[in-house]
Amino acid sequence: MVSKIARRIKIKKRIRGRISGSAARPRMSVFRSNKQIYVQLIDDEAGVTLVAASSKGIAEGTKSEIAEKVGENVAAKALAAGINEVVFGFLFHGRVKSLAEGARKGGLKF
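Just so we're clear, the structure is a prediction, and the values are computed from it rather than from any experiment.

Analysis parameters
- Residues numbered from 1 in each chain as written.
- Predicted model: local features only at pLDDT ≥ 70, side-chain atom pairs only at ≥ 80, totals over all residues.
- Heavy atoms only, no water.
- Pairing = 2+ DSSP bridges.
- Helix = DSSP H or I, 4+ residues; strand = E, 2+ residues; numbered from the N terminus.
- Contact = heavy atoms within 4.5 Å.
- Axes fitted to C-alpha atoms, helices over the stretch in contact; angles between N-to-C directions.
- Core = buried A, V, L, I, M, F, W, Y, C linked by side-chain atoms within 4.5 Å.
- Buried < 20%, exposed > 50% of the residue type's maximum accessible area, 1.4 Å probe, protein only.
- Phe/Tyr/Trp six-rings, centres within 6.5 Å; stacked < 30°, edge-to-face > 60°.
- Lys NZ or Arg CZ within 6 Å of the ring centre and 35° of its normal.
- Patch = residues over 30% accessible without salt bridge, like charges linked within 9 Å, V, L, I, M, F, W, Y side chains within 5 Å.
- Areas by Shrake-Rupley, 256 points an atom, 1.4 Å probe, with all protein chains shown as cover.
- Salt bridge = Lys/Arg side-chain N within 4 Å of Asp/Glu carboxyl O.
- Lys, Arg positive; Asp, Glu negative; His and termini not counted.
- Charge placed at Lys NZ, Arg CZ, Asp CG, Glu CD.

Moving on to the sheet that holds strand β3 (residues 48-54). Each strand in a sheet pairs with its neighbour through backbone hydrogen bonds, running either in the same direction (parallel) or in the opposite one (antiparallel). One open sheet accounts for four strands, arranged β3-β2-β1-β4; its pairing is mixed. Single-partner strands in this sheet number two, and they are β3 and β4 (87-88). In this sheet, β3 lies alongside strand β2 (residues 37-43) in antiparallel orientation, the contact comprising six bridges. Bridge pairing in β3 places Leu-41 opposite Val-51. Its contacts with the sheet place helix α2 (residues 63-80) against β1 (27-32), β2 and β3, and it is angled at close to 140 degrees to β3. Helix α3 (residues 95-106) rests against β1, β2 and β4 of the sheet, and its axis sits at about 140 degrees to β1.

With that settled, consider the nonpolar core. By size, the foremost hydrophobic cluster in this structure holds 26 residues, and its most contacted members are Met-28, Val-30, Val-39, Leu-41 and Leu-99. Those elements that provide at least two residues to this core are α1 (4-18), β1, β2, β3, α2, β4 and α3. Tallying contributions element by element places α2 first for this core, with six residues. The contacts of Val-30, once residues within four sequence positions are left out, are Ile-37, Tyr-38, Val-39, Phe-88, Phe-90, Val-96 and Leu-99.

Turning to the packing of aromatic side chains, a few remarks are in order. Using the criterion set out here, one finds three aromatic pairs in the structure. Here Phe-88 and Phe-92 contribute two aromatic rings whose centre-to-centre distance is 6.2 Å and whose plane-to-plane angle is 85 degrees, an arrangement assigned as edge-to-face. When its relative accessible area of 17% is taken as the criterion, Phe-88 is described as buried. Classification of Phe-92 by relative accessible area gives partly exposed; the value is 35%. Members of the aromatic cluster, each reached through a chain of ring pairs, are Phe-88, Phe-92 and Phe-110. The ring of Phe-110 has Arg-104 lying over it, and the distance from NZ or CZ to the ring centre is 4.5 Å.

Glancing now at a positive patch on the surface. Taken together, the side chains of Lys-4, Arg-7, Arg-8, Lys-10, Lys-12, Arg-14, Arg-18 and Arg-32 make up a positively charged region of the molecular surface. Broken down by element, the positive patch gets its largest block of residues, seven residues, from α1. The topology assignment puts Arg-14 in helix α1. On the basis of relative accessibility, which here comes to 42%, the residue Arg-14 falls in the partly exposed class.

Right, dumping it as structure tokens:
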């Protein structure tokens, strides 16, 4: 049986092997905990986080509704920073799907 940490490392290696972000089209990284959801837009060439958002401070709604609000928030920050497109490579269901739909609604292109 594979531990939770080993499983997460395996997923990370698979995603990072296929996807790399740049300043023009950064990689969207999503982390889900049991209570919160965090998202970063990362430039892998320079090794810096360009934009970040999380669900801390958003208290109303279900987890999926909160994730959609976080997606809209990160999209607004990205557009303000001049970022229109991102690279996304996570399993696309549940809260991650809600976050992605919120980001699309906010104006980001995948």
